[in-house]
Amino acid sequence: MSAPTTAAETSVWPFDIAVVGTGIVGTHQLTREAEEVIQRSKHTFVVASGYGITEYIEKLCPRVTDLSYLYEPGLNRLPTYHRMAAEVVSAALVDAPVCLAVYGHPWVYCYPTTLINRAAPLLGLHVEVFAGVSAFDTLLVDLGTDIANGGIQMYEATDLLLRQRPIQSDVTCVIWQPTVVGDPTCPKGPYDSRQFEPLRDYLLRFYPRDHEVKLVTSKNHPLIRSSVVSLKLSDLAAELAGVPGVGTLYVPALNERSVKDPELLDVMVSAGAQAEV
């Protein structure tokens, strides 16, 4: 007799559509959980650029489709994401369960996850999303930093400009997708410096020209190194010109905010400390 199914297992298995993250460094960051999900699926769709991902998934699932062909250089990315989601949902309606395997983490700048999650319940389909290693996780490793000291703020580059979001200069800032700022298309090639001048100028409202920032591009192959390029904020537009459309901008805090609650600070420092002999 098989073991009874727990409530936790019932909430996850079975699914009609699963979305898994494949991590950043190809098969090296594909979790055991993601592998099991793929093995349980009849058809896995792949949108992942990591080393050897598609070939490895073909060993786990009887049917695999790479959706990368849907990207059209020079055309808006949004219709592409809609077509990707439609492919997955349509397949689930015909023969579930199916899986979408995406680069990084399914909820970190992966719009097809949102589209699938919105559409599936309207069609009576159950969706489960499973975590993967994101570019934020690898960013912290590449920089050797802990976000506990002072916290962190994160913005998408284009959204930062669209909404003129305020930046707290005493808190570390991470800016996603700076290398494609202001462009809704799948780029045909690298940009010139004019593409990045609005982002540079906006950041200069909050930081001095000589403030040192870092452009971080995490490795996507186990045998190469991540790229961490330090530059002055005033040089941002020139430095981003001509680079591939990948990378995350890390802006260290300009200063440290002073303590406003000395009584709490005293508790944090003294509570539990051993008394001096």
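The structure we're discussing is the one just above.
In this text, all values refer to a predicted model and were calculated from it rather than measured experimentally.

A. Structural context of the nonpolar core. Within the largest apolar cluster, 23 residues are counted, with the highest numbers of intra-cluster contacts made by L160, I167, I175, L203, L236, L249 and V251. Only α7 (157-163), β7 (172-176), α8 (197-203), β8 (212-217), α9 (236-240) and β10 (248-251) provide two or more residues apiece to this core. Once residues lying within four places of it in the same chain are set aside, the contact partners of V251 are T172, C173, I175, Y207, H211 and V213.

B. View of the packing of aromatic side chains. Taken as a whole, this structure holds six aromatic pairs when the rule is applied. A centroid spacing of 6.4 Å and a plane angle of 70 degrees characterise the contact between Y81 and Y111, whose relative ring orientation is edge-to-face. Residue Y81 is found in helix α4 (residues 77-95), and its partner Y111 is found in helix α5 (residues 111-119); the two are separated by 30 residues along the sequence. Given a relative accessible area of 31%, Y111 falls into the partly exposed group. Look at Y191 and F196: their rings are 5.8 Å apart centre to centre, the planes differ by 90 degrees, and that puts the pair in the edge-to-face class. Just as Y191 is buried, F196 falls in that class too. Of the aromatic side chains, those joined through ring pairs into one cluster are Y71, Y81 and Y111.

C. Seen up close, the pairing of strand β6 (residues 152-156). Taken together, the five bridges between β6 and β7 define a ladder with parallel strand orientation. In the strand pairing of β7, M154 is matched with V174. Assessed by its sense of winding, the connection that carries the chain from β6 through α7 to β7 is right-handed.

D. Region of interest: the sheet that holds strand β4 (residues 98-102). Across the sheet, five strands lie side by side as β3-β2-β4-β1-β5; this open sheet has parallel pairing. Both outer strands of the open sheet, β3 (64-66) and β5 (127-130), are each paired with one neighbouring strand and no more. In this sheet, neighbouring strand axes are inclined to one another by 20 degrees on average, regardless of whether the strands run parallel or antiparallel. Relative to β4, strand β1 (residues 17-21) runs parallel, the two sharing five bridges. Looking across to β4, one finds that G21 is bridged to V102. Along the sheet, helix α2 (residues 32-40) makes contact with β1, β2 (43-47), β4 and β5, crossing β1 at roughly 150 degrees.

The rules we used
Residues numbered from 1 in each chain as written. Predicted model: local features only at pLDDT ≥ 70, side-chain atom pairs only at ≥ 80, totals over all residues. Heavy atoms only, no water. Core = buried A, V, L, I, M, F, W, Y, C linked by side-chain atoms within 4.5 Å. Buried < 20%, exposed > 50% of the residue type's maximum accessible area, 1.4 Å probe, protein only. Helix = DSSP H or I, 4+ residues; strand = E, 2+ residues; numbered from the N terminus. Contact = heavy atoms within 4.5 Å. Phe/Tyr/Trp six-rings, centres within 6.5 Å; stacked < 30°, edge-to-face > 60°. Pairing = 2+ DSSP bridges. Right-handed = clockwise from strand over helix to strand, strands pointing away. Axes fitted to C-alpha atoms, helices over the stretch in contact; angles between N-to-C directions.

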